[in-house]
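Here is what each chain is made of, one letter per residue.
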Amino acid sequence: TEAAATALLCFMMVASADAVARALPVLAAMGSKLVEFCEAGSGQAAKACLNMICGISALGVCEAFALADALGLDLDRFHGLCQGAAAQSWILENRCPVPGPSPSSPASNDYQPGFAARLMAKDLGLAQQAAEATGQPTDFGAAAAKRFREFVGSGHGDLDFSAIYRKIRR
């Protein structure tokens, strides 16, 4: 809902040029990126792979902030260090897992979801099904799927996926 409200959705689709032209005005109201794939099912496959990157990245950002906090670093300064540096990412900017450094992130709003943890767990599960079906190992993807599945199983599925920070930081 967050991305649709700000017209930042990315659409992955398979359709004729005529169908794309007809749908474009409606899609443009919700998103700015349209990626056409050649075969049916390719859009769903791309979404599973994309969200696998997001889930893995989110865990990396959460673990880094947990360590920075455990080391007593000022988390606003740490966030500032990461911005524009090699650690820069959409996840860092939009899902910073601690309240404060990114006022618009869910962490600064009691982890109200932009993208619920249960949806991340579902998409990571779909990515793992695809990995198993193709025989392609995805060790980090499997670990991310397990951690999000456990997080959702512990009753946190309706929080934003960045709320997994609460389980990571001890």
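All of these numbers come straight from a predicted model, not from anything done at the bench.

Draft legend 1. Local environment of unusual backbone geometry. Positive phi values are uncommon outside glycine, yet Asp110 reaches one of about 55 degrees. Positionally, Asp110 belongs in the loop between α5 (90-94) and α6 (117-134). According to the relative accessible area criterion, Asp110 is exposed, its value standing at 51%. The phi angle at Tyr111 is positive, at roughly 60 degrees, despite the residue not being glycine. In this fold, Tyr111 is placed in the loop between α5 and α6. When its relative accessible area of 4% is taken as the criterion, Tyr111 is described as buried.

Draft legend 2. Looking closely at the layout of surface pockets. Approximately 910 Å³ is the volume attributed to the largest pocket. Lining the largest pocket are 24 residues, with Ala3, Leu8, Leu9, Trp90 and Phe115 positioned closest to its centre. Residue classes in the lining of the largest pocket are distributed as 15 nonpolar, five polar and four charged. Looking at the second largest pocket, its volume works out to about 160 Å³. Taken together, Gln44, Ala45, Ala48, Cys49, Met52, Leu126, Ala127, Ala130, Ala131, Thr134, Gln136 and Thr138 form the lining of the second largest pocket. Put simply, the parts of the chain that give the lining of the second largest pocket at least two residues each are α3 (42-70) and α6. Broken down by class, the residue content of the lining of the second largest pocket amounts to eight nonpolar, four polar and no charged.

Draft legend 3. Quick look at the side chain of Thr138. Considering the arrangement of structural elements, one finds Thr138 in the loop between α6 and α7 (139-156). What makes Thr138 buried here is its relative accessible area of 18%. In contact with Thr138, other than residues within four places in its own chain, are Met52, Gln128 and Ala131.

Draft legend 4. Up close: the nonpolar core. In this structure, Phe65, Leu124, Phe148, Phe161, Ile164 and Tyr165 are the most contacted members of the largest nonpolar core, which totals 34 residues. Among the secondary structure elements, those contributing two or more residues to this core are α3, α4 (75-82), α5, α6, α7 and α8 (165-168). Apart from the residues within four sequence positions on either side, Phe161 is in contact with Ala58, Ile91, Arg95, Phe115, Ala116, Ala117, Met120 and Phe148.

Draft legend 5. Focus on the packing of α3 against α6. Two elements in contact, α3 and α6, have axes whose closest approach is 8 Å; the angle formed by their N-to-C orientations is 120 degrees. Of the possible angle classes, the one that applies to α3 and α6 is oblique. As for the relative orientation of α3 and α6, their crossing is left-handed in sense. Facing α3, whose interface residues are Lys47, Ala48, Asn51, Met52, Cys54 and Gly55, α6 presents Met120, Lys122, Asp123, Leu124, Leu126, Ala127 and Gln128. Within the contact of α3 with α6, the residues separate by chemical class into seven nonpolar, three polar and three charged.

Each value, and the rule that gives it
- Residues numbered from 1 in each chain as written.
- Predicted model: local features only at pLDDT ≥ 70, side-chain atom pairs only at ≥ 80, totals over all residues.
- Heavy atoms only, no water.
- Helix = DSSP H or I, 4+ residues; strand = E, 2+ residues; numbered from the N terminus.
- Buried < 20%, exposed > 50% of the residue type's maximum accessible area, 1.4 Å probe, protein only.
- 1 Å grid on protein atoms, 1.4 Å probe; cavity = no way out; pocket = protein on both sides within 12 Å on 5 of 7 lines; lining within 4 Å.
- Points joined across faces, edges and corners; volume = space filled by probe spheres on them.
- Nonpolar A, V, L, I, M, F, W, Y, C, P; charged D, E, K, R; others polar.
- Contact = heavy atoms within 4.5 Å.
- Core = buried A, V, L, I, M, F, W, Y, C linked by side-chain atoms within 4.5 Å.
- Axes fitted to C-alpha atoms, helices over the stretch in contact; angles between N-to-C directions.
- Parallel < 35°, antiparallel > 145°, perpendicular 65-115°, else oblique.
- Left-handed = near helix turned anticlockwise from the far one by under 90°.

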